[in-house]
Every structure is written in structure tokens, then in C-alpha cells.
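# Structural overview
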Amino acid sequence: MDLRIFTEPQQGATYDTLLRVARAAEDLGFDAFYRSDHYLKMGDVDGLPGPTDAWITLAGLARETSRIRLGTLMTAATFRLPGPLAIQVAQVDQMSGGRVEFGLGAGWFEAEHTAYGIPFPKDKFARLEEQLAVITGLWRTPVGETFDHEGKYYTLKDSPALPKPVQERIPVLIGGHGPTRTPRLAARYADEFNIPFASVEDTERQFGRVRAAAQELGRDPGELVYSNALVVCAGKDEAEVARRAAAIGREPGELRANGLAGTPDEIVDRIGRFAEAGSSRIYLQILDLQDLDHLELVSSRVMPQLG
């Protein structure tokens, strides 16, 4: 079971804060540092000092870390045109020496689009599918050849399809709860399927849909990585669990029901249930980015029990 750190900087974080968390995650042996791609806070927080851009952040981290993989859950397809986005991601892959992973979603938070003057189209899912075709097509085009695409939303003609990533294939993540279109899209384009904030039962059900969709396309379902994203709230004892829950405005009981909460042994047992449902990777949503001792506890008391 791979454990990865997943942050939500729109809730309030500077680049320096994210750098401290990414470096701590690297030093403590976590597999990857991921961040959301949002421009507006959610819920009862002030969000100060304001949003940071996902790919600018990852570009900086690419130069200031050496091992840990870097990615997004999920880049919003509504924020960027596919051609420039393919360039950005390929460049950050170069800057990191080939450590980038690319999560792409349709975009859903209308208020952040309104707040920053970003169009919020009704046909988001169809645009997402076409963006995936364009971006992966640009990366796959051999050097010296050109890429053309004529679709409903995007037209590219005689593109040199440069720059190329360092990795022969940047891992593409697709995720969500949709019962039909999402599994089909994952089966066609994804290297990894992620389901966020889901129960064990819903996880198993959605993984099954993705596997079935892959088989329908003639693809081996075992080619995909299946993963979860879950909030984590670990403590050496109940008092520490309660303190960390209070710091993020949540209740221990609710966190135990909907995430990974409790003592290290409790969390290991809970992770085991997701493993039985087919998950081999978990993105630990860290909401208090000042509490690096939290990461150390997971690293020293949870990770060793997972093998």
C-alpha cells in the first residue's frame, strides 16, 4: 500500500508552507506529494493569504525536492486550454527529472470560476474527454512529427507537439463517483483511477465499474492502479486524535466513519479494508499543514505496518 500526501492549499497556505510539507513528506518516506487545483476557499476558513496555482507550485517543488513524485488531484480542465496545459505539465516533468503525475478532472466549483472570471461551461465532461485526447496525443507524437486535432471544442493544426516529458508516459489519473461515463473515460485514458472520500462499499463498487469498462474496451483491468483519497487524523491516543480533529473543525467519530482516524493501529485496520476492496494507494488528505508531527506519526507508526 503506497501512502501519499494530499494537500488543499486553497484553504490557506503559502508556497513556503507547501514546500515544508513536501520536503517533510519526502524525508519521511511518503511516495508522493499532491495538491488540489482550486482558486477559492471552501467552508468556514479565511483562506489567507489566498490561492496558489497548482502547476506553478509543482514547478517550484520540482526544483526543491529530489525523490518524491508530484501531482494534482485534480487539475480542473476548465482552468486551462489543453495545448498550454500539455506544455506546462511536460515542462514540470523535465524540471523534476521525470517525477510528475497528471490528474485531470472536469472542474465543478462554479463560485471559483465566477470569482476569477473563468468561463464555466455546461458541457464540462465532453470538454474533459477532448482535453485528454489532445494532451495525451501531443505527448505521444514522435519528435519531428506534427499533431492535428479537429474536435467540437479544440482544433490543433500542424502542432510540433513540443516539449516532450522526460517520462515516456506521464501517469494520467482520472477519478470520481460517476457510474457510467467516468469509468469509461478512465478505461480509455487513465493509468490510475482514484475515488475520493468514499466508503469501502462504494470504493469496491466503483472499482468494479472501472474494471468492467476496461474489459469492454479490450484492456486488461490490471493495468490500472486503483486508489482512494481520504482525510487522515491520527493520534498516539484518543486525546491527540481529538486535538487534531478540533484543529480542522471535525469530530473524531465523523472522521472515523468517513476517513482514516484514530490510533495508528486503528488506521492500519481501516486501510486494510480499503485494500480488500482493491485499493493499492491512498492519498492522505492533510488539512492542518502546520502540524508536521502528524506526518511523522503516520510515517513511523502506520507505514511500517503496511509492508
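In the block above lies the structure referred to throughout.
Let me begin by describing the structure that accompanies this report.

## A few points about the side chain of Thr7
For Thr7, the location among the structural elements is in strand β1 (residues 2-7). Apart from residues no more than four positions distant in its own chain, Thr7 is found in contact with Leu18, Val21, Phe33, Tyr34, Arg35, Ser36, Ile286 and Leu289.

## Examining helix α5 (residues 124-140)
When the terminal C-alpha atoms of α5 are compared, their 24 Å separation across 17 residues agrees well with the 24 Å that a helix rising 1.5 Å per residue should span. Of all 17 residues that make up α5, 12 are buried, and the element is covered over most of its length.

## Some remarks on the pattern of salt bridges
Following the criterion strictly, the structure yields 20 salt bridges and no others. Glu101 is paired through a salt bridge with Arg4; the nearest N and O atoms lie 2.7 Å apart. Here Arg4 lies in strand β1 and Glu101 lies in strand β5 (residues 100-105), a separation of 97 residues in the sequence. Note on Glu101: relative accessible area 4%, which makes it buried. Through salt bridges with shared partners, a single ionic network connects Lys236, Glu240, Arg243, Arg244 and Asp291.

## Some details on the environment of Ser300
For Ser300, the location among the structural elements is in helix α11 (residues 292-302). Through-space distance from the C-alpha of Ser300 to that of Leu28 is 8.2 Å; in sequence the pair is 272 residues apart.

## Brief notes about the packing of aromatic side chains
To describe a pair of aromatic rings, you give the distance between the ring centres and the angle between the ring planes. Counted under the stated rule, the structure contains nine aromatic pairs. Considering the side-chain rings of Tyr39 and Phe79, the 4.5 Å spacing of their centres and the 20 degrees angle between planes classify their relative orientation as stacked. Of the two residues, Tyr39 is situated in the loop between β2 (32-35) and α2 (54-64) and Phe79 in the loop between β4 (75-76) and α3 (82-96); the sequence distance between them amounts to 40 residues. Look at Phe79 and you get buried, because its relative accessible area is 14%. A ring pair is formed by Phe193 and Phe207, whose centres lie 6.3 Å apart and whose planes are at 85 degrees; its orientation type is edge-to-face. Of the two residues, Phe193 sits in strand β9 (residues 192-196) while Phe207 sits in helix α7 (residues 200-216), which places them 14 residues apart along the sequence. Note on Phe207: relative accessible area 2%, which makes it buried. Taken together through their ring pairs, the aromatic side chains of Tyr39, Phe79 and Tyr116 make up a single cluster. Across from the ring centre of Phe125, 4.2 Å away, lies the NZ or CZ of Arg181, which sits over that ring.

Thresholds applied
- Residues numbered from 1 in each chain as written.
- Predicted model: local features only at pLDDT ≥ 70, side-chain atom pairs only at ≥ 80, totals over all residues.
- Heavy atoms only, no water.
- Helix = DSSP H or I, 4+ residues; strand = E, 2+ residues; numbered from the N terminus.
- Contact = heavy atoms within 4.5 Å.
- Expected span 1.5 Å × (residues − 1).
- Buried < 20%, exposed > 50% of the residue type's maximum accessible area, 1.4 Å probe, protein only.
- Salt bridge = Lys/Arg side-chain N within 4 Å of Asp/Glu carboxyl O.
- Phe/Tyr/Trp six-rings, centres within 6.5 Å; stacked < 30°, edge-to-face > 60°.
- Lys NZ or Arg CZ within 6 Å of the ring centre and 35° of its normal.

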